[in-house]
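Survey of secondary and tertiary structure
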Amino acid sequence: LKVMVAAYDIVDDTYGTAIELPEPQTIELKLMADNDEIKAQGRLQHLLSVTTHAEFTTSFAGLPFDALAIIAGMSNSSSGTPPNGTRRANAGAGGAGLPYFGIAGQVSAEDGADVWVGLPVCMLDAVPSWKVEQNKFFIPSASGKAIQRQDYGKVLYLLGHQTATALIAGNFSDAFAWNT
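Quick notes on the rules
Residues numbered from 1 in each chain as written. Predicted model: local features only at pLDDT ≥ 70, side-chain atom pairs only at ≥ 80, totals over all residues. Heavy atoms only, no water. Helix = DSSP H or I, 4+ residues; strand = E, 2+ residues; numbered from the N terminus. Buried < 20%, exposed > 50% of the residue type's maximum accessible area, 1.4 Å probe, protein only. Patch = residues over 30% accessible without salt bridge, like charges linked within 9 Å, V, L, I, M, F, W, Y side chains within 5 Å. Areas by Shrake-Rupley, 256 points an atom, 1.4 Å probe, with all protein chains shown as cover. Salt bridge = Lys/Arg side-chain N within 4 Å of Asp/Glu carboxyl O. Contact = heavy atoms within 4.5 Å.

1. Some remarks on unusual backbone geometry
What is expected of a backbone is that most residues other than glycine have negative phi and most peptide bonds are trans. That bond from Pro82 to Pro83 is cis: its omega, 5°, falls within 30 degrees of zero. Within the secondary structure, Pro83 is located in the loop between strand 6 (75-79) and strand 7 (86-90). Even without being a glycine, Gln41 presents a positive backbone phi close to 55°. With respect to the helices, strands and loops of the structure, Gln41 is situated in the loop between strand 4 (24-40) and strand 5 (43-60). Residue classification places Gln41 among the exposed residues on the basis of a relative accessible area of 70%. Despite not being glycine, Asp111 shows a phi value in the positive range, around 55°.

2. Brief notes about a nonpolar patch on the surface
On the surface, a cluster of nonpolar side chains totalling about 250 Å² of accessible area is made up of Ile10, Val11 and Ile147. Along the chain, Val11 turns up in the loop between strand 1 (2-9) and strand 2 (14-15).

3. Some words on the pattern of salt bridges
This model, assessed by the stated rule, comprises four salt bridges. With its nearest N and O atoms 2.7 Å apart, the salt bridge here joins Asp13 to Arg149. A residue pair is termed long-range when its members are at least 10 positions apart, and Asp13 in the loop between strand 1 and strand 2 and Arg149 in the loop between strand 10 (141-147) and strand 11 (157-161) qualify at 136 residues. The exposure class of Asp13 is partly exposed, given its relative accessible area of 22%. The residue Lys145 makes a salt bridge to Asp125 at a minimum N-O spacing of 3.1 Å. With Lys145 in strand 10 and Asp125 in the loop between strand 9 (114-124) and strand 10, this residue pair connects regions lying 20 residues apart in the sequence.

4. Thoughts on helix 1 (residues 65-72)
Most of helix 1 sits inside the fold, with six of its eight residues counted as buried. Within the span of helix 1, buried status applies to Phe65, Ala67, Leu68, Ile70, Ile71 and Ala72. Contacts from the buried residues of helix 1 go to strand 1, strand 3 (19-20), strand 6, strand 7, strand 8 (101-108) and strand 9. Following helix 1 by one or two positions, Gly73 has its phi on the positive side, about 65°.

So, in structure tokens, the structure goes:
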């Protein structure tokens, strides 16, 4: 499993530099819909189900400061030099809210195949949560929603390869041109 995130500017429709989440553990996706029905003469006559967005949850190892800046809008700074350097991340309250970003993932499949997964415009529901326990690895998780990119109208992108192909990292926008 490989998961990359990149800041997304919804006004300019552009992505920033992609960052790979360290040791991703999970990514869960669920397409959501508005539903309605019409009943007449004691039975259902018509059904309506319109996809509106996707919901996602992902988890990863450690505390990736650069990724937290992208997905949670946390300020990020470093000082000093190794081995005595420090990193600092701070989460604010109020303001303009959490930032938009995109997610691109790669999942291994059978017989050397793979599937790319793309969520073009995402926002977390809250800053990632984490639990620290004795003798356990530190595995933060983050949940949010994905919506369509204005010029493509797709909420979720899936692309399968018979032979695994390296996920596009240089130009994050290309990751969402798979099915245009």
